[in-house]
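# Notes for the structure review
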Amino acid sequence: RARAGVRRTFQQDRTIPDLGVGDYVRLAAGRRTSARDAEAVLGFLGCPAADRPIGSLDVGTRRLVELAGALAARPALLLLDEPAAGMTEVESADLAERIAAVPGRFDCAVLLIEHDMAHVVAASSEVTVIDFGCTIASGSPRDVLEHPDVVAAYLGQEIAV
(Lines give C-alpha, C1' and ligand atoms only; values in the text may rest on other atoms or scores of the structure.)
Protein backbone atom coordinates (compact mmCIF):
# COMPACT_ATOMS: atom_id res chain seq x y z
CA ARG A 1 0.00 0.00 0.00
CA ALA A 2 2.72 2.52 0.94
CA ARG A 3 4.82 1.71 -2.14
CA ALA A 4 1.71 2.32 -4.26
CA GLY A 5 1.44 5.84 -2.80
CA VAL A 6 -1.50 5.17 -0.49
CA ARG A 7 -1.63 6.38 3.12
CA ARG A 8 -4.48 6.25 5.57
CA THR A 9 -5.69 7.30 8.95
CA PHE A 10 -7.80 5.13 11.20
CA GLN A 11 -10.99 5.63 13.17
CA GLN A 12 -9.09 4.94 16.38
CA ASP A 13 -6.05 6.99 17.43
CA ARG A 14 -2.81 5.26 16.43
CA THR A 15 -0.31 7.88 17.45
CA ILE A 16 2.52 7.06 19.87
CA PRO A 17 2.05 8.96 23.16
CA ASP A 18 5.75 8.83 24.10
CA LEU A 19 6.88 10.71 20.98
CA GLY A 20 6.92 14.40 20.29
CA VAL A 21 4.60 15.66 17.55
CA GLY A 22 7.43 16.32 15.06
CA ASP A 23 9.13 12.99 15.75
CA TYR A 24 5.83 11.18 15.14
CA VAL A 25 5.23 13.00 11.84
CA ARG A 26 8.71 12.18 10.56
CA LEU A 27 8.36 8.53 11.65
CA ALA A 28 4.86 8.14 10.20
CA ALA A 29 5.97 9.66 6.89
CA GLY A 30 8.01 6.53 6.23
CA ARG A 31 10.53 8.53 4.23
CA ARG A 32 13.18 11.14 4.89
CA THR A 33 11.28 14.18 6.05
CA SER A 34 13.04 17.31 7.19
CA ALA A 35 11.97 19.15 10.31
CA ARG A 36 11.01 22.01 7.99
CA ASP A 37 8.69 19.78 5.90
CA ALA A 38 7.14 18.33 9.05
CA GLU A 39 6.57 21.85 10.42
CA ALA A 40 4.88 22.88 7.14
CA VAL A 41 2.39 20.01 7.33
CA LEU A 42 1.79 20.61 11.04
CA GLY A 43 1.18 24.30 10.34
CA PHE A 44 -1.24 23.54 7.51
CA LEU A 45 -3.32 21.38 9.85
CA GLY A 46 -3.07 23.72 12.83
CA CYS A 47 -1.24 21.16 14.96
CA PRO A 48 0.73 21.98 18.11
CA ALA A 49 4.47 22.62 18.08
CA ALA A 50 6.75 19.79 16.98
CA ASP A 51 8.31 19.42 20.44
CA ARG A 52 4.98 18.94 22.20
CA PRO A 53 4.52 15.38 23.60
CA ILE A 54 1.67 13.52 21.91
CA GLY A 55 0.64 12.10 25.29
CA SER A 56 -0.35 15.62 26.41
CA LEU A 57 -2.81 16.12 23.53
CA ASP A 58 -6.57 15.62 23.45
CA VAL A 59 -8.10 13.02 21.12
CA GLY A 60 -9.06 15.50 18.40
CA THR A 61 -5.57 16.98 18.25
CA ARG A 62 -4.02 13.51 18.11
CA ARG A 63 -6.21 12.86 15.05
CA LEU A 64 -4.69 15.94 13.39
CA VAL A 65 -1.17 14.75 14.20
CA GLU A 66 -1.96 11.34 12.71
CA LEU A 67 -3.23 13.06 9.57
CA ALA A 68 -0.06 15.17 9.45
CA GLY A 69 2.04 11.99 9.50
CA ALA A 70 0.06 10.57 6.60
CA LEU A 71 0.34 13.80 4.58
CA ALA A 72 4.07 14.09 5.26
CA ALA A 73 4.48 10.87 3.27
CA ARG A 74 3.28 12.85 0.20
CA PRO A 75 0.88 10.10 -0.90
CA ALA A 76 -0.96 9.97 -4.21
CA LEU A 77 -4.09 8.84 -2.35
CA LEU A 78 -5.03 9.60 1.26
CA LEU A 79 -7.73 7.46 2.89
CA LEU A 80 -9.39 9.15 5.87
CA ASP A 81 -11.60 7.01 8.11
CA GLU A 82 -13.81 9.23 10.28
CA PRO A 83 -11.12 11.92 10.72
CA ALA A 84 -13.43 14.22 12.71
CA ALA A 85 -14.29 11.60 15.34
CA GLY A 86 -13.74 13.06 18.80
CA MET A 87 -13.78 16.66 17.57
CA THR A 88 -16.16 19.46 18.40
CA GLU A 89 -18.42 20.87 15.69
CA VAL A 90 -16.10 23.85 15.23
CA GLU A 91 -12.99 21.63 15.05
CA SER A 92 -14.73 19.36 12.56
CA ALA A 93 -15.69 22.30 10.33
CA ASP A 94 -12.11 23.61 10.42
CA LEU A 95 -10.75 20.17 9.54
CA ALA A 96 -13.22 19.85 6.66
CA GLU A 97 -11.88 23.08 5.14
CA ARG A 98 -8.34 21.77 5.40
CA ILE A 99 -9.29 18.41 3.87
CA ALA A 100 -10.93 20.23 0.96
CA ALA A 101 -7.61 22.03 0.38
CA VAL A 102 -5.46 18.87 0.46
CA PRO A 103 -5.74 17.93 -3.25
CA GLY A 104 -4.60 21.35 -4.43
CA ARG A 105 -1.93 21.84 -1.80
CA PHE A 106 -0.44 18.33 -1.70
CA ASP A 107 -1.37 17.01 -5.17
CA CYS A 108 -3.12 14.13 -3.46
CA ALA A 109 -6.54 12.55 -3.94
CA VAL A 110 -8.62 12.07 -0.77
CA LEU A 111 -11.09 9.29 -0.04
CA LEU A 112 -13.13 10.36 2.99
CA ILE A 113 -15.24 7.95 5.00
CA GLU A 114 -17.45 10.02 7.28
CA HIS A 115 -20.97 9.99 8.75
CA ASP A 116 -21.08 13.68 9.73
CA MET A 117 -22.89 15.12 6.72
CA ALA A 118 -21.92 18.74 7.44
CA HIS A 119 -18.28 17.61 7.41
CA VAL A 120 -18.79 15.68 4.16
CA VAL A 121 -20.43 18.62 2.41
CA ALA A 122 -17.67 21.02 3.49
CA ALA A 123 -14.78 18.67 2.66
CA SER A 124 -15.96 17.04 -0.56
CA SER A 125 -16.44 17.94 -4.19
CA GLU A 126 -18.01 14.57 -5.01
CA VAL A 127 -19.85 12.08 -2.80
CA THR A 128 -20.79 8.45 -3.18
CA VAL A 129 -23.25 6.92 -0.72
CA ILE A 130 -23.04 3.19 -0.13
CA ASP A 131 -25.77 1.26 1.65
CA PHE A 132 -25.13 -2.38 2.53
CA GLY A 133 -22.32 -2.55 -0.03
CA CYS A 134 -24.29 -1.04 -2.91
CA THR A 135 -23.86 2.43 -4.38
CA ILE A 136 -27.17 4.26 -4.13
CA ALA A 137 -26.11 7.73 -5.28
CA SER A 138 -23.06 9.58 -6.55
CA GLY A 139 -22.45 13.20 -7.49
CA SER A 140 -22.20 16.62 -5.87
CA PRO A 141 -22.70 16.61 -2.08
CA ARG A 142 -25.94 18.62 -2.21
CA ASP A 143 -27.47 16.52 -5.01
CA VAL A 144 -26.58 13.25 -3.31
CA LEU A 145 -27.88 14.30 0.11
CA GLU A 146 -31.20 15.28 -1.47
CA HIS A 147 -31.47 12.03 -3.43
CA PRO A 148 -34.63 10.12 -2.32
CA ASP A 149 -32.78 6.80 -1.96
CA VAL A 150 -30.19 8.42 0.30
CA VAL A 151 -32.87 10.08 2.41
CA ALA A 152 -34.72 6.76 2.69
CA ALA A 153 -31.59 4.82 3.61
CA TYR A 154 -30.44 7.24 6.30
CA LEU A 155 -33.63 8.87 7.57
CA GLY A 156 -36.24 6.19 6.91
CA GLN A 157 -38.64 5.52 4.07
CA GLU A 158 -41.47 7.51 5.72
CA ILE A 159 -39.50 10.76 5.49
CA ALA A 160 -38.39 10.12 1.90
CA VAL A 161 -41.97 9.76 0.63
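We now turn to the structure provided with this report. The numbers attached to residues start from 1 for each chain and follow its sequence in the written order. Selection of residues for local features in this predicted model requires a pLDDT of at least 70, selection of side-chain atom pairs for listing and counting requires 80 or more, and totals for whole chains, interfaces and linings are taken over all residues. Side-chain measures here rest on the full set of heavy atoms in the structure, leaving out hydrogens and waters.

Every helix listed is a DSSP run of H or I at least four residues long, and every strand listed is a run of E at least two residues long, numbered separately from the N terminus. Its place among the elements puts Leu 57 in the loop between helix H2 (35-45) and helix H3 (59-72). Given a relative accessible area of 9%, Leu 57 falls into the buried group. Along the backbone, Leu 57 and Ser 34 are 23 residues apart, and their C-alpha atoms lie at a distance of 23 Å. For every residue, the accessible area (1.4 Å probe, protein chains only) is compared with the maximum for its type, and the residue is labelled buried under 20%, exposed over 50%, or partly exposed between those bounds.

Whether a set of points on the 1 Å grid over the protein atoms alone is a cavity depends on a 1.4 Å probe fitting there but being unable to get out, while an open set qualifies as a pocket with protein on both sides within 12 Å along at least five of seven lines; lining residues are those with an atom within 4 Å of a point. Grid points are joined across faces, edges and corners, and a volume is the space filled by probe spheres set on the points. Enumeration according to the criterion identifies 1 cavity of 30 Å³ or more in this entry. In this model, the largest cavity occupies a volume close to 40 Å³. Every residue along the wall of the largest cavity is listed here: Thr 9, Phe 10, Arg 63, Glu 66, Leu 67 and Pro 83. With 3 residues, the single largest contributor to the lining of the largest cavity is H3. The residue classification treats Ala, Val, Leu, Ile, Met, Phe, Trp, Tyr, Cys and Pro as nonpolar and Asp, Glu, Lys and Arg as charged. All others, Gly included, are polar. For the lining of the largest cavity, the class distribution of residues is 3 nonpolar, 1 polar and 2 charged.

Another point: the packing of aromatic side chains. In this analysis, rings of Phe, Tyr and Trp, with Trp reduced to its six-membered ring, are considered paired at centre separations within 6.5 Å, and the interplanar angle assigns stacked below 30 degrees, edge-to-face beyond 60, and tilted for intermediate values. Within this structure, the stated rule accounts for 1 aromatic pair. The interplanar angle of 70° and the centroid separation of 5.1 Å between the aromatic rings of Phe 44 and Phe 106 together place this pair among those described as edge-to-face. Taken together, the residues Phe 44 in helix H2 and Phe 106 in helix H4 (residues 89-106) connect sequence positions 62 residues apart. With relative accessibility at 9%, the residue Phe 44 sits in the buried group. Put simply, a charge is over a ring when the Lys NZ or the Arg CZ is close to the ring centre, within 6 Å, and near the line of the ring normal, within 35 degrees. The lysine or arginine in question, Arg 14, covers the ring of Phe 10, its NZ or CZ lying 3.7 Å from the ring centre.

Counted as a void, the largest pocket has a volume near 730 Å³. Forming the walls of the largest pocket are 25 residues, and the residues nearest its centre are Leu 112, Val 120, Ser 124, Val 127 and Thr 128. Secondary structure elements with two or more residues in the lining of the largest pocket: H4, strand S3 (109-113), helix H5 (117-123), strand S4 (127-131) and helix H7 (148-155). Looking at the lining of the largest pocket element by element, the count peaks at 5 residues for S3. Each residue belonging to the lining of the largest pocket can be placed in one class, and the counts come to 19 nonpolar, 4 polar and 2 charged. Computed from the structure, the second largest pocket encloses a volume of approximately 170 Å³. Contributions of two or more residues to the lining of the second largest pocket are made by strand S1 (6-9), helix H1 (21-29) and H3. Looking at side-chain class alone, the lining of the second largest pocket contains 6 nonpolar, 1 polar and 4 charged residues.

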